[in-house]
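Analysis of the macromolecular model
Residues per chain, in single letters:
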Amino acid sequence: MLSDPAAAYRFTRAILREPAPSVVSGLRAEDRGDPSFDSFLSEHLAYRAALEAAGLSVHVEPALPELPDSVFVEDPAFVLPEGGVLLRMSAPSREEETDEIADALAAFVELTELQQGYVDGGDLLFTGREVIAGLSRRTDEEGLQALSRILADWGYPLRPVAMPEGLLHLKTGCALLDEETVLAVPLLARSGVFSGYRVVETPEGEEAAANALRLNAVMLIASGYRETAEMLSVMGYEVLTTPVTQAELLDGGLSCMSIRF
Ligand code: CIR
């Protein structure tokens, strides 16, 4: 079957999970203060509206108070046009999120389970022709080998790449702009991991804007990154912005709060 490169950013649906009050104690590499639950909730509502404005039909799962990071639904599963993979998360407090997302996804896609190792969805960038996969503190070689066997059946090669220090996940520092172009923080952009693609660097001081989402005709970026928004507009992208200040306090951003398919 011929792959469709635009499938990497053409979506009709998204699954989200409502944040629970416990989100304020979510994991973080560096403590910059707890998020405010009320602000998290209102940013999450705005995020939902932005996905709808980009043409997606949004399905919101109920909050899971026992699992503080469960609002970051991108990490426990990976969905491609051919089906979904239930991942194995190495952070002990997030392990049970996989069963929960399985229940949510089962109504929409056929699911396969990762059999060994560890992979977080935030480390996987689908470009339409392959999956670029970050070897991070959360994702290991064993997990990527197991995932590559599943993806091979769907016709997609998996390219493991080493990650620079300081990024939680691969997509903390990059996003797809189109099938041939990636937006990335300079550290990643210059590391060679995107050979074969055009790479656009985030302007200095706006590195967090790299955690963005191409959704159909729209490029959704976090509010507050004026130069990035301007740069992408000049390049011809239709730019939408939404605030993610509270998720950023927990090393989250735009990509991690939904699964798009
Ligand atoms: C965590 O550390 O697992 C969460 N606080 C943030 C997860 C962000 N996920 C992502 O970038 N894909």
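Rules of the game
- Residues numbered from 1 in each chain as written.
- Predicted model: local features only at pLDDT ≥ 70, side-chain atom pairs only at ≥ 80, totals over all residues.
- Heavy atoms only, no water.
- Core = buried A, V, L, I, M, F, W, Y, C linked by side-chain atoms within 4.5 Å.
- Buried < 20%, exposed > 50% of the residue type's maximum accessible area, 1.4 Å probe, protein only.
- Helix = DSSP H or I, 4+ residues; strand = E, 2+ residues; numbered from the N terminus.
- Contact = heavy atoms within 4.5 Å.
- Pairing = 2+ DSSP bridges.
- Axes fitted to C-alpha atoms, helices over the stretch in contact; angles between N-to-C directions.
- Phe/Tyr/Trp six-rings, centres within 6.5 Å; stacked < 30°, edge-to-face > 60°.
- Lys NZ or Arg CZ within 6 Å of the ring centre and 35° of its normal.

Before going further, it helps to spend a moment on the nonpolar core. Ranked by internal contacts, the top residues of the largest apolar core, which has 64 residues, are Leu51, Leu124, Leu147, Leu151, Leu188, Phe194 and Met257. For this core, the element with the most residues is helix H3 (residues 141-153), which contributes five residues. The contacts of Leu147, once residues within four sequence positions are left out, are Val85, Leu114, Val119, Leu124 and Leu158. If you look at the next biggest cluster of nonpolar residues, it comprises twelve residues, including Val73, Ala77, Ile101 and Ala104.

A separate point is the sheet that holds strand S13 (residues 218-222). If you trace the three strands from one edge of the open sheet to the other, you get S12-S13-S14, paired in mixed fashion. The sheet is open, and its two edges are formed by strand S12 (213-215) and strand S14 (238-242), each paired on a single side. On average, each strand axis in the sheet is inclined to that of its neighbour by 30°, with strand direction left out of account. As paired elements, S13 and S14 share five bridges and run parallel to each other. Directly across from Val218, in S14, lies its bridge partner Glu238. Here helix H1 (residues 37-53) sits on the sheet in contact with S12, S13 and S14, set at roughly 160° to S14. In this fold helix H5 (residues 226-234) packs onto S13 and S14, with an angle of close to 170° to the strand it touches most, S13.

With that settled, the discussion passes to the packing of aromatic side chains. Inspection of every chain in the model, using the stated rule, returns three aromatic pairs. Between Phe40 and Phe72, the ring centres sit 6.4 Å apart and the planes meet at 70°, which makes this aromatic pair edge-to-face. Here the residue Phe40 occupies a position in helix H1, and Phe72 occupies one in the loop between strand S2 (57-61) and strand S3 (77-80), the gap between them amounting to 32 residues. Centroid distance Phe126 to Tyr156: 5.0 Å. Interplanar angle 75°. Geometry classified as edge-to-face. Residue Phe126 is found in strand S6 (residues 124-126), and its partner Tyr156 is found in the loop between H3 and strand S8 (158-162); the two are separated by 30 residues along the sequence. Under the relative-accessibility criterion, Phe126 is labelled buried at 10%. Positioned above the aromatic ring of Tyr118, the side-chain terminus of Arg88 is 5.3 Å from the ring centre. Here the guanidinium or amino end of Arg214 rests over the ring plane of Tyr9, the centre of that ring lying 3.9 Å away.

Within the fold, Ser39 resides in helix H1. Judged by its relative accessible area of 28%, Ser39 is partly exposed. Between the C-alpha atom of Ser39 and that of Ser22, which follows or precedes it by 17 residues, the distance is 13 Å.

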